[in-house]
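# Coordinates in review
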Amino acid sequence: MEMMSSRGNDNIGRIPKGSLGWPLLGETLEFIACGYTSKPLDFMHKRRTLYGKVFKSNILGRPIIISNDSEVNKVVLQNDGRKFIPFYPKSVTELLGKSSILQMNGNLHKRVHGLIGGFLKSPSLKEAVARDLGNLMESSFMRWRDSQQIHVQYEAKKITFQVLVKVLMGLGPGKDLQFLKKQFEEFIKGLICLPIKLPGTRLHKSLKAKERIMKLIKKIIEEKMKCNGEEHGALRDVVDVFLKQMKDDQTDGHNITIDFICNSLTEMMIPGEDSVPMLITLALKYLGDSPSALKKLKEENMELKMKKGYHGECYSWKDYMSLSFTQNVTILILICFAGYLIPKDWCILTSFTSIHLDQDNYEKPYKFDPWRWQNKEGSNQNTFTPFGGGQRLCPGLELSRLEVAVFLHHFVTTFSWIAEEDTMITFPTVKMKKGLPIILSPI
Ligand code: HEM
């Protein structure tokens, strides 16, 4: 979901229908409670039937307009930062800091978004990620073969966090990585919590973890600066990209500082610990529940594995992305993937999940059917927005899809598995209650 706050005094006409709920509490309890059930969209469906696709509510003491309408969401996403600006809960703004890319606007935002996006989309980076992730999976497989059971959520996090940290700051396995992972787990727990900073509170602990993370990143950057000296050869990670820009900027007075870099790297580790591993976890969950889709996926991936083995070739990132059925599975999982955030003042909350699971947009939206796109339905730009849109379209989009493809390829061509019963929770972010325990058997 995307939260935007209306800027200025636009004449909106009339406020949509809806209920502001109880004094102070509004409709918060029902909104959150739905996230813990197997039907997280019940909150939306009930109100949609009563008031229509766009309605008003009150969540966490803020009046809010909730949109389940793809056209309205498109207007919000495509705005240029003048009509709407992003809003996040107080705990998020406290933890990500004032210089967070999510809160930046105007020219500085455009520049930083362009810098990160340009690097993350580059073929040389994708090649390195495909290779590193492939190797990392091989070493994880050795470990998993000796285990009775693994927890997919936990294992996927270990792998994707390590891959992203390398992309961001070039840090490989070792004590620093272990320390970073531990501190980051502590940091991320506070993203959605009560915004009270007193010692002992969740937010305070997460802020302290952030201080330790920033200190370590600063040390890594300083070491890199010493090694690079005045030279800027190939840009191998996001730190290199920022340092080069910092040097170029000395001439035109813009200010990318070391603190700014440390802060940006910290927030950019979130998808390594949350979004990407959750996509992988859900992919294995849904595939495990759908034997026909798993069979087709295995066939497609086995064919590639045999071809590569037969010619004795290494994989290129393009090999993984050429697997069309595997890509359709990823798109479908993205549709099931929901991210919840909470607004401030009069906000508009554009619910992406409701659009993805709306019968008006997709026939049988709750059916796990990766063949959907082979027949007629396309993933239309307005009705498929798991990566946001407009100026804030996720720059990690292609990288995430590549990571899922690499993971699925090596996993399904090496193991069969049986999953234990588990439940999905969607608030504040998607996760499996028990971490999706599975029992593996090598193929
Ligand atoms: C499953 C994987 C992912 C999903 C579903 C996802 C989703 C999103 C969404 C919805 C936004 C828009 C937020 C907004 O409008 O305020 C966003 C922004 C962003 N994402 Fe991702 N993301 C994923 C992976 C990644 C990865 C791997 C990176 C790499 C570092 C990344 C970096 C970013 C950055 C830097 C932004 C801020 C863009 C800006 O405001 O200009 N994301 N992401």
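The model shown is predicted, which means the values in this text are computed figures rather than measured ones.

This brings us to the overall build of the chain. Scanning the chain for helices and strands turns up 19 helices and ten strands. Residues classed as buried in the chain amount to 37% of the 443 residues present. Of the contacts formed within the chain by residues at least 6 apart in sequence, a portion of 76% connects residues at least 24 apart.

Okay, the nonpolar core next. Judged by nonpolar contacts, the single largest core of 87 residues is most densely connected at Leu168, Val238, Leu265, Leu279 and Ala283. With ten residues, helix H7 (residues 152-169) is the single largest residue contributor to this core. Two domains share this core, each providing at least three of its residues, namely domain 1 (1-89 + 339-377) and domain 2 (108-119 + 154-270). Sequence-distant contacts of alanine 283, that is, excluding residues within four places in its chain, are made with Val329, Thr330, Ile333, Val404 and Leu408.

Closest axis-to-axis distance for the helix H13 (residues 275-289)/helix H19 (residues 397-412) pair is 10 Å, and the angle between their directions is 40°. Between H13 and H19, the angle is such that the two are oblique. Along this stretch, H13 crosses H19, giving a crossing that reads as right-handed. Along the contact surface, H13 presents Ser275, Val276, Leu279, Ile280 and Ala283, while H19 presents Ser400, Glu403, Val404, Phe407 and Leu408. Along the lines of polarity and charge, the residues of the contact of H13 with H19 split into seven nonpolar, two polar and one charged.

Mapped onto the present numbering, the UniProt feature "binding site: heme" (unreviewed entry) falls at Cys394. Looking at the element boundaries, cysteine 394 is found in the loop between helix H18 (372-375) and H19.

Here we come to the site of the ligand. Surveying the vicinity of the ligand reveals 21 residues, the closest of which are Pro271, Ser275, Gly388, Cys394 and Gly396. Among the elements of the structure, helix H5 (106-120), H13 and H19 are those that each provide at least two residues to the shell around the ligand. Of the residues that constitute the shell around the ligand, the class distribution is 14 nonpolar, five polar and two charged.

The subject of this paragraph is unusual backbone geometry. For leucine 24, which is not a glycine, the phi torsion comes out positive at approximately 65°. As for its placement among the helices and strands, leucine 24 is situated in the loop between strand E1 (2-6) and helix H1 (28-35). Within the chain, leucine 436 stands out as a residue other than glycine whose phi angle is a positive 55°. Relative to the helices and strands, leucine 436 is located in the loop between strand E9 (431-432) and strand E10 (437-442). Of the residues examined, leucine 436 has 25 C-beta atoms within 10 Å and is grouped as buried.

Judged by pairing direction, the sheet is antiparallel, and its three strands sit side by side in the order E5-E10-E7 without closing on themselves. Both outer strands of the open sheet, strand E5 (150-151) and strand E7 (415-419), are each paired with one neighbouring strand and no more. Pairing analysis gives two bridges linking E5 to E10, with the strands arranged antiparallel. Bridging from a neighbouring strand, histidine 151 pairs with proline 437 of E10.

Reading the values: the criteria
Residues numbered from 1 in each chain as written. Predicted model: local features only at pLDDT ≥ 70, side-chain atom pairs only at ≥ 80, totals over all residues. Helix = DSSP H or I, 4+ residues; strand = E, 2+ residues; numbered from the N terminus. Buried ≥ 20, exposed ≤ 12 C-beta atoms within 10 Å, placed from the backbone. Contact = placed C-beta atoms within 7 Å. Core = buried A, V, L, I, M, F, W, Y, C linked by C-beta atoms within 7 Å. Domains from an automatic or database assignment. Axes fitted to C-alpha atoms, helices over the stretch in contact; angles between N-to-C directions. Parallel < 35°, antiparallel > 145°, perpendicular 65-115°, else oblique. Left-handed = near helix turned anticlockwise from the far one by under 90°. Nonpolar A, V, L, I, M, F, W, Y, C, P; charged D, E, K, R; others polar. UniProt positions renumbered as here; feature names shortened; annotations may be inferred. Near = placed C-beta within 6 Å. Pairing = 2+ DSSP bridges.

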